[in-house]
Amino acid sequence: MAEAFDDEFMFFFDDDDDAVMAVAEFILNDNDLVAGEKREETITVDIEGWRRLSNASFKQNFRMDRIVFEKLIVAVGLHMRNTNRIKRFRTNFELCLMMGLWPLFNPDTFRSSAHHFGKKRATIHYHYSYLIEVLTEMSHRYIKWPNALEREEMSSYFEQRFGYPGIVRAIDGTYVHITAPLVQSQRYVNRHHRYSILVQAVCDHRLPYRDVYNGEAGSIGDARNFEKSPLSSHLLLAPDRLSDGQHIVGDGAYTLTDKLMKPYSNDGRLTGRQLKHNLLLSACRSAIERSFCLIKGKDRRLKQLEMRNPYLVEDHIVSCFVIHKFIILEGEDAQGLPPLQLGNVPEAEYQRLKTEAMNTGSIKREYIANLLSPEDD
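Residues numbered from 1 in each chain as written. Predicted model: local features only at pLDDT ≥ 70, side-chain atom pairs only at ≥ 80, totals over all residues. Heavy atoms only, no water.

1. Examining the overall build of the chain
In step 1: When you go through the chain residue by residue, the secondary structure sums to 15 helices and seven strands.
In step 2: When contacts within the chain are restricted to residue pairs at least 6 apart in sequence, long-range pairs at least 24 apart make up 72% of them.
In step 3: Of the roughly 18,600 Å² of accessible surface on the chain, a fraction of 51% belongs to carbon and sulfur atoms. (Helix = DSSP H or I, 4+ residues; strand = E, 2+ residues; numbered from the N terminus. Contact = heavy atoms within 4.5 Å. Areas by Shrake-Rupley, 256 points an atom, 1.4 Å probe, with all protein chains shown as cover.)

Put into structure tokens, the structure is as follows:
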């Protein structure tokens, strides 16, 4: 499939148009350079060796088997053709995709990554930055909120497995550590005194992500991040996001509403009923913690993203979640609801609905706790 696709999509990147090196050569003084150091040299690499890798070895390096990779070639290539990104026919498309994926999955520098492909570091960066931009644009195809049937299936699973009714998804935030930004760097210092971006995600027990929000500085908490995310207003204003009696679950950092259940705050005086409620809710919520461990183990750069450009940071994070979902779906588009666009709601009305949701949430949590443990211990 890849060979047939390459015949139509020979990629357009020009290895000689090295913008980074051009700027460097303009700035550097020729007197400081000796013969042979003015231009970056490349290492001769057997590019065909990447094609000859066994499926197991290919999956070790690119985190997906060859069949899924070939589907990714088709999906990315068609998107680029439909958005008029194909400009000139030069470099093999399959190789361009490999060079773009390598910095996503490996914590190598662009200099060391370039040695794997016999290219210059600026060439690898160009392919990488272009790919994450394209994957971010494609995110709406693979990260979708579940429809009514999917939500009912998830609710039945959690109730049968743990006894907790109405749960359809788990929500949490995770830090992606970054290099100190050049502008307003102190905004990105989190409670662990490290520069970071706070990423919010929602997943189910099978660990595919259904909503991802990132871009906020690490100094804010999960509750504030949730309030700033589109999901907060969607759950409050859009009736098709959750059916009656359904909710997502989060940890104690979130605000309790009828659409978001959280544990009771443990002040040392909780009843047996409340403790059991917290135990079962935490068991259901553990899915999101496992999903973060999985994606950071697969996309190693999410553990420490050495970048200062906030736009590249955001695109990198979203593209990692898109690739993760693409691999789980084996290249198929996700089922679910289309993106939602809400009209403007007056602030007073919004706050009224939010207060009402918080009051209803307290009553709902008490009802669930009593349902889980009719007799308090």
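There's more to say after this.
2. A look at the packing of aromatic side chains
In step 1: With the rule as written, the count across this model stands at 16 aromatic pairs.
In step 2: Geometrically, the ring pair formed by Trp 50 and Phe 117 is stacked, given 5.1 Å between the ring centres and 20 degrees between the ring planes. In this pair, Trp 50 sits in helix H3 (residues 48-52) while Phe 117 sits in helix H7 (residues 110-117), placing the two residues 67 residues apart along the sequence.
In step 3: Aromatic pair Phe 62 and Trp 102: ring centres 5.8 Å apart, planes at 70 degrees, arrangement edge-to-face. With Phe 62 in helix H4 (residues 55-62) and Trp 102 in helix H6 (residues 93-105), this pair connects stretches of sequence that are 40 residues apart. (Phe/Tyr/Trp six-rings, centres within 6.5 Å; stacked < 30°, edge-to-face > 60°.)

3. So, the sheet that holds strand S7 (residues 260-261)
In step 1: The five strands lie next to each other as S5-S4-S3-S6-S7, forming an open sheet whose pairing is mixed. The open sheet has two free edges, formed respectively by strand S5 (209-217) and S7, since each of these has just one partner strand.
In step 2: Of the strand pairs in this sheet, strand S6 (residues 247-249) and S7 are connected by two bridges, and their pairing is parallel. Within the sheet, the bridge partner assigned to Ile 248 lies in S7 and is Leu 260. (Pairing = 2+ DSSP bridges.)

4. So, the pattern of salt bridges
In step 1: The full count for this structure, using the stated rule, is 17 salt bridges.
In step 2: Of the charged contacts in the structure, one is a salt bridge between Arg 51 and Glu 94, with a shortest N-O distance of 2.7 Å. In this pair, Arg 51 sits in helix H3 while Glu 94 sits in helix H6, placing the two residues 43 residues apart along the sequence.
In step 3: Accessibility expressed as a relative area gives 27% for Arg 51, which makes it partly exposed.
In step 4: For Glu 94, a relative accessible area of 5% translates into the label buried.
In step 5: Across the pair Asp 172 and Arg 285 runs a salt bridge whose closest N-O atoms are separated by 3.5 Å. Of this pair, Asp 172 sits in strand S3 (residues 167-177) while Arg 285 sits in helix H13 (residues 272-298), placing them 113 residues apart in sequence.
In step 6: Judged by relative accessible area, Asp 172 falls into the buried class, the value being 4%.
In step 7: Residue class for Arg 285 comes out buried when judged on its relative accessible area of 13%.
In step 8: Here the salt bridges do not stand alone but share partners, grouping Glu 48, Arg 51 and Glu 94 into one network. (Salt bridge = Lys/Arg side-chain N within 4 Å of Asp/Glu carboxyl O. Buried < 20%, exposed > 50% of the residue type's maximum accessible area, 1.4 Å probe, protein only.)

5. Details of helix H12 (residues 230-237)
In step 1: Every buried residue of H12 is accounted for by Leu 231, Ser 232, Ser 233, His 234 and Leu 235.
In step 2: Looking at the packing, one finds that the buried side of H12 touches S3, strand S4 (196-203), S5, helix H11 (222-228), S6 and helix H15 (347-372).

6. Describing the pairing of S5
In step 1: Judged by how many residues are buried, S5 sits mostly within the fold: seven of nine residues are covered.
In step 2: Between S4 and S5, which pair antiparallel one after the other, the connecting turn spans five residues, and Leu 207 there sits at a positive phi close to 75 degrees.

7. Describing unusual backbone geometry
In step 1: Positive phi, normally seen in glycine, also occurs at His 193, with a value near 65 degrees.
In step 2: When you line up the elements, His 193 lands in the loop between S3 and S4.
In step 3: The phi torsion at Glu 330 lies on the positive side, around 55 degrees, for a residue other than glycine.
In step 4: Looking at where Glu 330 falls in the secondary structure, it is placed in the loop between helix H14 (310-329) and H15.

8. Overview of the side chain of Lys 262
In step 1: Residue position: Lys 262 is located in the loop between S7 and H13.
In step 2: Asp 251 provides the closest opposite charge to the buried, unpaired Lys 262, separated from it by 7.6 Å.
In step 3: At a separation of 3.1 Å, a polar atom in the side chain of Lys 262 contacts the main-chain carbonyl oxygen of Gly 252.
In step 4: Side-chain polar atoms of Lys 262 contact the backbone oxygen of Tyr 254, separated by 2.9 Å.
In step 5: Excluding residues within four positions of it along the chain, Lys 262 makes contact with Gly 250, Asp 251, Gly 252, Tyr 254, Thr 255, Leu 256, His 277, Leu 281 and Arg 365. (Lys, Arg positive; Asp, Glu negative; His and termini not counted. Polar contact = N/O pair within 3.5 Å; in protein donor to acceptor, adjacent residues only side chain to side chain.)

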